[in-house]
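# Structural overview for review
Take a look at the letters that make up each chain.
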Amino acid sequence: MATTHTKSAARAMMAPSVIALLIWMAVPLAMTLYYSTLGYSLYNPISTPFVGFDNYSYFLSDPTFSAALVNTLILVVGVLCITVGGGILVALLLDQDFYGVNVVRLLVIAPFFVMPTVAALVWKNMMMNPVYGVIGQFLSSIGLQPIDWMTEVPLLSIIIIVAWQWLPFATLILLTALQSLSSDQKEAAEMDGAGALSIFWYITLPHMSRAITVVILIQTIFLLSIFAEILVTTNGGPGSQSTNLTYLVYQQAISFGDVGAASAGGIVAVILANIVAIFLVRLIGKNLDA
Amino acid sequence: MGAIRLEKVRKAFGEAVIIPELDLDIKDGEFVVFVGPSGCGKSTLLRLIAGLEDVTSGDITIDGTNATELPPAKRRLAMVFQSYALYPHMSVRKNIAFPLKMAGMDKAEIDKRVSNAAKILNLDNYIDRRPGQLSGGQRQRVAIGRAIVREPAAFLFDEPLSNLDAALRVGMRLEISELHQRLKTTMIYVTHDQVEAMTMADKIVVLHAGHIEQVGSPLELYSRPRNTFVAGFIGSPKMNLLTGAEAKKHDAATIGVRPEHIALSTSEGMWKGTVKVSEHLGSDTFLHVETALHPEPLTVRADGEFPVHYGDTVYLTPQADKIHRFDDKGLAIR
Amino acid sequence: MARRVTQRRKIGMTVLAWAVGLLIFFPILWTFLTSFKSELTAISIPPQFLFFDWTTENYATIYEQSNYFHYMMNSIYLSLGSTALGLLFAIPAAWAMAFSPTPRTKDILLWMLSTKMLPAVGVLIPIYLLFVNFGLLDSRLGLIVVLFLINLPIIVWMLYTYFKEIPGEILEAGRMDGATLRQEITQILAPMAVPGIASTVLLNIILAWNEAFWTLNLTTSNAAPLTAFIASFSSPQGNFYAKLSAASMLAIAPILILGWFSQKQLVRGLTFGAVK
C-alpha cells in the first residue's frame, strides 16, 4: 500500500499525535531547563536573575538530595526484588493445576487496580498502624512488640506498599510468558532426564528472561516517579528518611517555592529516567522487527 | 470497454527496480494471465494497474482514458485478492453490496444486483452468514460476487486459488473460465502456476525479474517459446534443455526437447540411457533417464504401462521437428 | 496410584494457592469488611472478621457529608474525556503506522514511547505555571488534556499492535470498492478492530482513573477526582477507619471490576506488545 496519495494521507493522520506529543515534551522541558538556570522563587517572582549552574550545585550539594537519591534507588531496587522474585513464585503457583484458578488469579491481580492514594492510606492506617493495624494486632497476639512502621521504618513501609501494588503486574506478565512456553520443551527435557528444578533453571527461567527484563524496565520507569504513596503516608519524613527524588522536587517547588532548584532537580530526574529509558526503548525496538 | 494499455511503465522502490520499463496491450474482453516464479513482479504489476501502487514513470490507460493518476476506486476495476479480503464483520450480502453502497446506488438496485450475483454464484443459501462461517470455496465466490456486482471494466485476480486445496482449485478454475465466457469482461489473472495459466488464458504474459519474457496464446508459448526461460517454465513436466556437443550438432548453444516429444525404445534409438526413477501417473509414466549427453537425467514421457524398471537400458529418439534451438543468449533460433 | 498422587497434589496446590491469593488480596478484603463495621468495631481489639453487626451507615455518611458524588463525576469526566480524546488522535495515527509504514515509522513509535518515560517532575513546574497563567488550574479541561497526553503513547501503541493483525488486503479491497479514507477507517477498520479498541479504552480508563500525580498537583476542589478525595483522608480523618474504608471501596470498586475484565489485554498494553 504505497501510493503517494495514501502516503501523504498517512502523514496527515499521524501529524496531530506527533505534534501534540512534541509540544508536550519539548515546551515544558525547555522551560524547565530555562528555569533551572534562574534564581526564581515563587515568593519573589519579579526578580529572576540568571544564575548559571548555581541551582544544580545547590541542589546536588544539598544533603537532602543525596539522601533522596539513595532513597530513590533503595525504593526502586527493593520493590523490584520483591516483585520480580515474588512474581516468579506466584506465577509458577498460578500455572499449576488447582481448584479455582480463575478466582485466585483475580484475587492476585486486584491490588494493581487500586488507586495509589487508597493503597497507601489503607496500608498506613489499617494494616500498619501500631495499635489498631492488622499487622500490629497480629504481632501482639503472638507476643511480639508491634512496630510503628511509618516512623520507625518509613522507607521499608513505602517499599512494602508499592511492592504490593506492583506484584500483580509482575505476576501477570511473568505468568503470560510462562504459559507461552510450549509443553513440548518441558516434556523433551523430562525425557532427557531433567528433574523439576533443572527444568526450571535450564528451560523455564531462560524462557522468561525477556519478560523479566521487560518487567524490570517498565517498573523502573514508574517506580522512579513514586509520589502519591509518599504524599499521603509519610510526607517524605521523618526528616528526609522517605523522600525520593520526585518528592524532593515537589517539595522544593510547592513547599519552598524554589522554582530554580526544583527545575534543576527535575532535570536530574529526567536524566536518570532516560538512562533506563534508553535500555527499554532498545529492547522494545528490537522486538518490533520480529 | 475494458481495454488496458501500459506504456513505458516502470516501478522502483528507492534504488530497487521491481519493474523496468514495460509495455503491454490488453484487449477488451481478453483473459490475460500474468505468470512467473515468485518475486517476478507479477503481483506488483497487477497492483499498479489496480492503483494500489503508484507507477514510478509511464502511463496506464484504461478504456481509453489515462488512469495513471486515478485512485483505485475511480478506475472501474474490481479485484479478487489472494486472501479474498472479505469484510469479516459484514454478512455475505453486505460484503457484496459494499461497493455499490460506496457508489451511492439506491437500495432497490443494490438488492437486485446482489441477489442476482448470489444466484449466479450459488450463494443463495449463505447470503446472511458471515465470512467466518464459510468454507474456502464459498469465500472465494463471495469475493468474486463482490467484484461482479460492480460491473467493472475489468477484473483483477491476484492468485485467487492458491489458498484452496487441489480438488477445489480445479473446480474454481472452471467456474472462473465459465464466468469469463458469460460476462465477456476483461480479466487479468496473476498466478505462479503455469497449469492455471495454460488452461484459462487467452493470452499469457510470462514475467521474470520484472521483464516480460514473452506474450502469447498458451499454444504459442508451448510450441514456440521465445527463450530458454519460457521454454523451461511452460509445460509440465519441464522441457529438457541440453547444452554441449549435442546442441552443437544442431548449430545451437542449447537445444530443448519436451518429454512428450521423445520416442522410447528398448532396442534402438539415437541416445542410449539408463532408467532411474519412474513416476507412474496411470495414463502416463514419466521416466528419468540418465544419459551421457547431460549431467542431469532427461525426463521422458512413456505410456502408462511401459515395461521398464530401475536400471534398464533404453534408447531415446527426439522428434526432429520438435527440437527447439537457442543461441548463447538463450534466445530461440528460428 | 499415579492418579491418587496427582489428586493429592492438586488439593495441596489448591490450599497453597488460595492462601497466597487471599494473603495478597487481604488488604482489599479487610477494607471491604471494615467498610461495613461501625467505627468502634473497626478498631476493636482483637479484630472482628465476619461476625459483627453489618451496617451501611458509613456509605450513607460518605454520601451525605462529603461531596463524594462530585469527585466521582470528576473521575468519570477525566477518564472518559481523556480516553475519547486519545482515540480521536490515536486511531488515525495507528492506522497510518500499521498500514502505511515508512522507514521512519518505527522511530516515531519509539519516540512516542520515550515521551511516556519522561518523569512528571521534570515538567511539573512549567506545566503548573502554564496552568496558573492560562487559568487552567483546577479545571477539568486542563486535566483532561494532561491525562490525554500522558496516555497517548500507550493508546497509539496498543492500537498499532491490534491494527497490525488486520490484513492490509481488506483495507485495499475497501479502497478498490470505492471507500474514502474516512469510510475505510470508520466502516472497515474500526468495526474489525472493536475488540482491540475496547481493550485499549478499558486500559486507558484504568490508567486515567488511578493517575495520582497530576490529579493531585493540578487540582484543589473543582476538578479534583477520587484520587484527591481519598488523599484528603490522609489525616486526621484517616483515623475513622470505617469511613475511610467505605470511601476507598467506592473509589476502587468500579475500576477493580473493569480491571478484572481486561486482565488479558493489560499485559499487552502495559508492555507495549513486548509480551503477549
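Since the model is a prediction, treat every value here as computed from it, not as a measurement.

### Observations regarding the overall build of chain B
Counting its regular elements, chain B contains nine helices and 18 strands. Referenced to the eigenvectors of the C-alpha coordinate spread, the extents of chain B come out at roughly 75 × 45 × 30 Å. A total of 334 residues make up chain B; the buried ones form 51% of that total. Considering only contacts within chain B whose residues lie at least 6 apart along the sequence, 63% involve residues at least 24 apart. Carbon and sulfur atoms form 49% of the exposed surface of chain B, whose accessible area is close to 15400 Å².

### As for the overall build of chain C
In terms of regular secondary structure, chain C is built from 14 helices and zero strands. Ordered by position from N to C terminus, the α and β elements of chain C give α-α-α-α-α-α-α-α-α-α-α-α-α-α. Relative to the compact-globule value of 19 Å for 276 residues, chain C shows a C-alpha radius of gyration of 23 Å, a clear excess of over 25%. Projected onto its principal axes, the C-alpha positions of chain C cover 75 × 70 × 35 Å. Across the 276 residues that make up chain C, the buried fraction comes to 60%. Of the contacts formed within chain C by residues at least 6 apart in sequence, a portion of 75% connects residues at least 24 apart. When the accessible surface of chain C is totalled, it reaches about 11300 Å², and 67% of it is carbon and sulfur. Measuring between centres, the 17 positive side-chain charges of chain C sit 14 Å from its 12 negative side-chain charges.

### Digging into the confidence of the model for chain C
Residue and element names in this part refer to chain C. Taken residue by residue, chain C gives an average pLDDT of 86. The fraction at 70 or more is 95%. Mean pLDDT values for the elements of chain C range from 71 in helix α14 (residues 263–270) up to 93 in helix α4 (residues 68–99). The ipTM for the predicted assembly is 0.85, set against a pTM of 0.84.

### Concerning the domain arrangement of chain B
Residue and element names in this part refer to chain B. Once the domains are mapped, chain B shows domain 1 (4–230) and domain 2 (239–326). Look at where the C-alpha atoms of domain 1 and domain 2 centre, and you get two points 38 Å apart. Interface area lost by domain 1 to domain 2 is led by Y222, P225 and T228, which between them contribute 83%. Summed over the shared surface of domain 1 and domain 2, the number is zero salt bridges.

### As for helix α3 (residues 57–65) of chain C
All names here are of chain C. What α3 keeps buried is the set N58, Y59, T61 and I62. Down the axis of α3, the buried set is contained in an arc of 160 degrees. They therefore lie on one face. Counted as exposed and oriented over 90 degrees from the buried face of α3: Y63 and E64.

### So, the environment of R334 of chain B
Residue and element names in this part refer to chain B. Mapped onto the elements, R334 comes out in the segment after β18 (324–326). A sequence separation of 108 residues divides R334 from R226, and the C-alpha atoms of the two residues are 9.3 Å apart. In contact with R334, other than residues within four places in its own chain, are R224, P225 and R226.

### Let's talk about the pattern of salt bridges
Counted according to the given criterion, the structure contains 20 salt bridges over all chains. In this structure, D63 of chain B engages R76 of chain B in a salt bridge whose closest nitrogen and oxygen atoms are separated by 3.2 Å. In this pair, D63 of chain B is assigned in the loop between β4 (57–62) and β5 (65–66) and R76 of chain B in the loop between β5 and β6 (77–80), connecting sequence segments 13 residues apart. Since its relative accessible area comes to 37%, R76 of chain B is described here as partly exposed. Among the ionic pairs, D177 of chain C bridges to R146 of chain B, the shortest N-O distance being 3.6 Å. A residue pair is termed interchain when its members come from two chains, as with D177 of chain C in the loop between α8 (168–176) and α9 (181–192) and R146 of chain B in helix α4 (residues 136–148). Considered together, D177 of chain C and R146 of chain B belong to a single accessibility category, that of buried residues. Three or more residues are tied together by salt bridges with common partners; here these are K11, R47 and E53 of chain B together with E172 of chain C.

### Structural notes on the UniProt feature "transmembrane region" (unreviewed entry) in chain C
Mapped onto the present numbering, the UniProt feature "transmembrane region" (unreviewed entry) falls on residues 12–33, 76–96, 108–131, 143–163, 184–209 and 240–261 of chain C. For residues 143–163 of chain C, the end-to-end C-alpha separation is 29 Å, with 100% helix and 0% strand making up the annotated structure.

### Details of the interface of chain B and chain A
Opposite the five residues of chain B that make contact, chain A presents five residues. Taken together, the two surfaces of chain B and chain A that pack against each other cover about 340 Å², and 37% of this comes from carbon and sulfur. When the buried area of chain B at its contact with chain A is split by residue, L52, E53 and D54 of chain B rank highest and sum to 71% of it. Summed over the shared surface of chain B and chain A, the result is zero salt bridges. Inspection of the chain B/chain A interface yields zero residue pairs in polar contact (both at pLDDT 80 or more). Within the side of chain B that touches chain A, the residues separate by chemical class into one nonpolar, one polar and three charged.

### Describing the side chain of T34 of chain C
Turning to its location among the elements, T34 of chain C is positioned in helix α1 (residues 2–34). Residues in contact with T34 of chain C, not counting those within four places in the same chain, are M126 of chain A together with A42, N58, Y241, A242 and S245 of chain C.

### Observations concerning the sheet that holds β18 of chain B
Residue and element names in this part refer to chain B. Spatial ordering of the open sheet is given by β11-β12-β18, a layout of three strands whose pairing is antiparallel. Looking at the sheet topology across the chains shown, the edges are occupied by β11 (240–243) and β18. When the angles between neighbouring strand axes are averaged without regard to direction, this sheet yields 25 degrees. Sheet topology note: the β11/strand β12 (residues 254–257) ladder contains four bridges and is antiparallel. Directly across from T243, in β12, lies its bridge partner T254.

### Some details on the sheet that holds strand β10 (residues 211–216) of chain B
Residues and elements named next belong to chain B. If you walk across this open sheet you meet the six strands as β6-β7-β8-β3-β9-β10, and the pairing is mixed. Lying at the two open borders of the sheet, with one neighbouring strand each, are β6 and β10. The average angle at which neighbouring strand axes cross in this sheet is 15 degrees, direction not considered. Judged from the five bridges that link them, strand β3 (residues 31–35) and strand β8 (residues 186–191) form a sheet pairing that is parallel. The partner of V32 across the bridge, within β8, is I188. Running at roughly 175 degrees to β6, α4 makes contact with β6 and β7 (154–158) of the sheet.

### Structural notes on the interface of chain A and chain C
Listed as interface residues are 92 residues of chain A and, on the opposing side, 106 residues of chain C. Between chain A and chain C lies a buried interface of about 9000 Å² when both sides are counted; carbon and sulfur atoms form 79% of it. Salt-bridge contacts for K10 of chain C lead to D97 of chain A; the nearest nitrogen and oxygen are separated by 3.7 Å. Linking chain A with chain C are twelve residue pairs in polar contact (both at pLDDT 80 or more). Ranked by residues supplied to the side of chain A that touches chain C, first place goes to helix α1 (residues 4–35) of chain A with 19 residues. Tallied by class, the residues present in the side of chain A that touches chain C amount to 71 nonpolar, 15 polar and six charged.

### Here's the deal with the nonpolar core
The biggest cluster of nonpolar side chains holds 233 residues, and the ones touching the most others in it are F34 of chain B together with W95, F163 and W214 of chain C. Within the second largest apolar cluster, 44 residues are counted, among which are Y126, I127, I176 and F233 of chain B.

### Structural notes on a negative patch on the surface
All names here are of chain B. Taken together, the side chains of E7, E21, D23, D59 and E69 define an acidic patch exposed on the protein surface. With respect to the helices and strands, the residue E69 is situated in the loop between β5 and β6. The class of E69 is exposed, set by a relative accessible area of 73%.

### Quick look at the pairing of strand β1 (residues 4–13) of chain B
All names here are of chain B. Of the strand pairs in this sheet, β1 and strand β2 (residues 16–26) are connected by seven bridges, and their pairing is antiparallel. If you follow L6 over to β2, its bridge partner there is L24. The hairpin turn running from β1 into β2, its antiparallel successor, is two residues long, and G14 in that turn takes a positive phi close to 65 degrees. In the sheet, β1 pairs with β4 via five bridges, with the strands oriented antiparallel. Paired with L6 across the bridge in β4 is I60.

Cut-offs and rules
Residues numbered from 1 in each chain as written. Chains lettered and ligands numbered in written order. Predicted model: local features only at pLDDT ≥ 70, side-chain atom pairs only at ≥ 80, totals over all residues. Heavy atoms only, no water. Helix = DSSP H or I, 4+ residues; strand = E, 2+ residues; numbered from the N terminus. Buried < 20%, exposed > 50% of the residue type's maximum accessible area, 1.4 Å probe, protein only. Contact = heavy atoms within 4.5 Å. Areas by Shrake-Rupley, 256 points an atom, 1.4 Å probe, with all protein chains shown as cover. Rg over C-alpha atoms; globule rule 2.2 N^0.38 Å. Lys, Arg positive; Asp, Glu negative; His and termini not counted. Charge placed at Lys NZ, Arg CZ, Asp CG, Glu CD. pLDDT = per-residue confidence, 0-100. Domains from an automatic or database assignment. Buried area = accessible area lost by both parts, 1.4 Å probe. Salt bridge = Lys/Arg side-chain N within 4 Å of Asp/Glu carboxyl O. Arc of directions from axis to C-beta. UniProt positions renumbered as here; feature names shortened; annotations may be inferred. Polar contact = N/O pair within 3.5 Å; in protein donor to acceptor, adjacent residues only side chain to side chain. Nonpolar A, V, L, I, M, F, W, Y, C, P; charged D, E, K, R; others polar. Pairing = 2+ DSSP bridges. Axes fitted to C-alpha atoms, helices over the stretch in contact; angles between N-to-C directions. Core = buried A, V, L, I, M, F, W, Y, C linked by side-chain atoms within 4.5 Å. Patch = residues over 30% accessible without salt bridge, like charges linked within 9 Å, V, L, I, M, F, W, Y side chains within 5 Å.

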